Amino acid sequence: MKRKNLAKISVMFVLLLASCGKWLDVTSKSEVDIDDMYDAAEGYYNSVTGVYINMGDANLYGGYVALTALEPLTGQYTVSANNEKRRKWAAYDYASDDSKKIIDDLWLTMYNNIFNANLVIDKLRHEERTLFEEGVREIMLAEMLAMRAYMYFDLVRMFNEPYAVNAESNNVPWKTSWDATIGERHTSERLLAQLMDELAEAKSLLETRDPIVVARKSTDPYVSYDRTKRMNYYAVCALRARIALYTGDYATAYDEAKTVVESEKFRFITAPEIAETDSYGEELRSNRVFTPELVFALDNDRITASARAYYEGLSEDIVTSPNCYEAGDLRLNAWLAYNSMNKINLIKYKRSSLAADSYKYPKACTPMLKLSEMYLIAEEAVMNAPQLDPAPLSYINTLKRHRGIAELDASTSADALRTALTREYICDFKGEGQLFFYYKRLNMDRVDNGNYNGNTIAIAPQAYTFPRPDNENDFGN
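Just so we're clear, the structure is a prediction, and the values are computed from it rather than from any experiment.

A word on the overall build of the chain. Along its length, the chain carries 18 helices and twelve strands. Compactness check: the chain gives a C-alpha radius of gyration of 22 Å against a globular reference of 23 Å for 477 residues, within 12% of the reference. Across its three principal directions, the C-alpha atoms of the chain cover 60 × 55 × 55 Å. Scored against the burial criterion, the 477 residues of the chain give a buried share of 58%.

What follows covers helix α9 (residues 233-247). Residues spaced three or four apart along an α-helix face the same direction, because each turn holds 3.6 residues. Counted at 1.5 Å a residue, the expected span for α9 with its 15 residues is 21 Å, and the 22 Å between its end C-alpha atoms agrees. Within α9, 14 of the 15 residues are buried, leaving the element largely enclosed by the surrounding structure. The backbone nitrogen of tyrosine 234 lies 2.9 Å from a side-chain oxygen of the residue at the head of α9, namely asparagine 232. Looking one or two residues past α9, glycine 248 carries a phi angle of roughly 85°, positive in sign.

Here glutamate 133 lies in the loop between α6 (97-126) and α7 (136-159). By relative accessible area, glutamate 133 is classed as partly exposed at 24%. Each residue touching glutamate 133, except ones within four places of it in the same chain, is listed here: Arg216, Lys217, Ser218, Thr219 and Asp220. There is a polar contact of 2.8 Å between the side chain of glutamate 133 and the side chain of threonine 219.

Tracing the backbone through its elements, the reader meets phenylalanine 268 in the loop between α10 (250-261) and α11 (271-274). With relative accessibility at 7%, the residue phenylalanine 268 sits in the buried group. A C-alpha to C-alpha distance of 9.0 Å links phenylalanine 268 and threonine 291, two positions 23 residues apart in sequence. Setting aside anything within four residues of it in sequence, one finds phenylalanine 268 in contact with Glu293, Leu371, Ser372, Tyr375, Thr398, Leu399, His402 and Arg403.

Turning to the packing of aromatic side chains, a few remarks are in order. On inspection of all chains with the given rule, the structure shows 30 aromatic pairs. Here the aromatic cluster, defined as three or more aromatic residues joined through ring pairs, consists of Trp89, Tyr94, Trp107, Tyr111, Tyr152, Phe159, Trp174, Phe436, Phe437, Tyr464 and Phe466. Lying across the ring of tyrosine 52, arginine 230 places its NZ or CZ 4.4 Å from the centre. If you follow lysine 370 out to its NZ or CZ, it ends over the ring of phenylalanine 429, 4.6 Å from the centre.

Conventions adopted
- Residues numbered from 1 in each chain as written.
- Predicted model: local features only at pLDDT ≥ 70, side-chain atom pairs only at ≥ 80, totals over all residues.
- Heavy atoms only, no water.
- Helix = DSSP H or I, 4+ residues; strand = E, 2+ residues; numbered from the N terminus.
- Rg over C-alpha atoms; globule rule 2.2 N^0.38 Å.
- Buried < 20%, exposed > 50% of the residue type's maximum accessible area, 1.4 Å probe, protein only.
- Expected span 1.5 Å × (residues − 1).
- Polar contact = N/O pair within 3.5 Å; in protein donor to acceptor, adjacent residues only side chain to side chain.
- Contact = heavy atoms within 4.5 Å.
- Phe/Tyr/Trp six-rings, centres within 6.5 Å; stacked < 30°, edge-to-face > 60°.
- Lys NZ or Arg CZ within 6 Å of the ring centre and 35° of its normal.

In structure tokens:
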């Protein structure tokens, strides 16, 4: 990375630590006394929590990756004619100054948080004092390894060519230290293998310690937090399933997805849980993010602000059509609504801005890994490797049944199953950024145009790969 960017990362790290509740002595050169930061358990808690907080930045999963950057690239929205910069971005014009800023901000913020995770991982690996309850150090270490893997995988999905096209693409520097050295650019194949190894380590650390897996009495303030809001054991399995499917390792993808599905720790939401209204139609309770299905969700208010700014108004990004949803699909009214201009808003993250109404909603969060995706991964793995499961269509039909729509029959062809899988990604990942990654994984040259009536739009191969920031290329890394 360019040294100027490394300097920015160092300064941002200082600000992040300060924002997490522990004020630090900073020298005139803005250098953190790292030993002071980690002189007690609280410093570790603040640092680990800081990585989660920073991940919810508007440049990452509180905006760009879930909504404002990736969603317009799916063809499912009509972007305001009055917003020229967003129209260029939605048309895959990554060369404009505004588009370059999106890419620069995303890259820098992601690497800043990777830098933060690297520091915490290093300190946790070498911590020999008895600062925590038994197993807590290992839980935090596992979470940070998995969070770093999550971020690196999305960098690969954004900045490297599709794996199926070129597994040797190497635009993403791999850096696991927190010093000012420059990371080495690894190929997708090599980098993703490293991520799977680190996730295997994280999985091993969590399997016998994570409260979501094993019952444990604890007074530790960290592990008592909602484990679905942390990179828990099943979230690690889910991320391994996602990466394995991306690389075509169908057996691993199936096994890891099945682990989540069969854990019985997560379940599909029911229609009555989504919305409760009084006799006048006034909303009493709402759960549009489907919390029972969230394997890992990132608490953050920025996703609410991003959604209000771009998806819940009278202009900006308007959902083109509801046609992908079948009659009776419980997702339709949960996530889409006509506004006063008879245009369709995405309302997945909508909530009252009044503090007095906060009790009506779960905490604002970004879905990161979901039960529904595990069903789709398992189904796609079986489609490509039928020997994995003797009951084809069981996974996608279970999902369909819980969404309130017709199941596929036994005579469904491979092409029809692919169409059904694609439709589920269009329907189930609204406002989460995953549809663009699905299209890229399959290197699809034509995709639904948002009307779901058979008409498509073209996506050029180069549109799937974001250009590296100019500063990175200028420096030669």
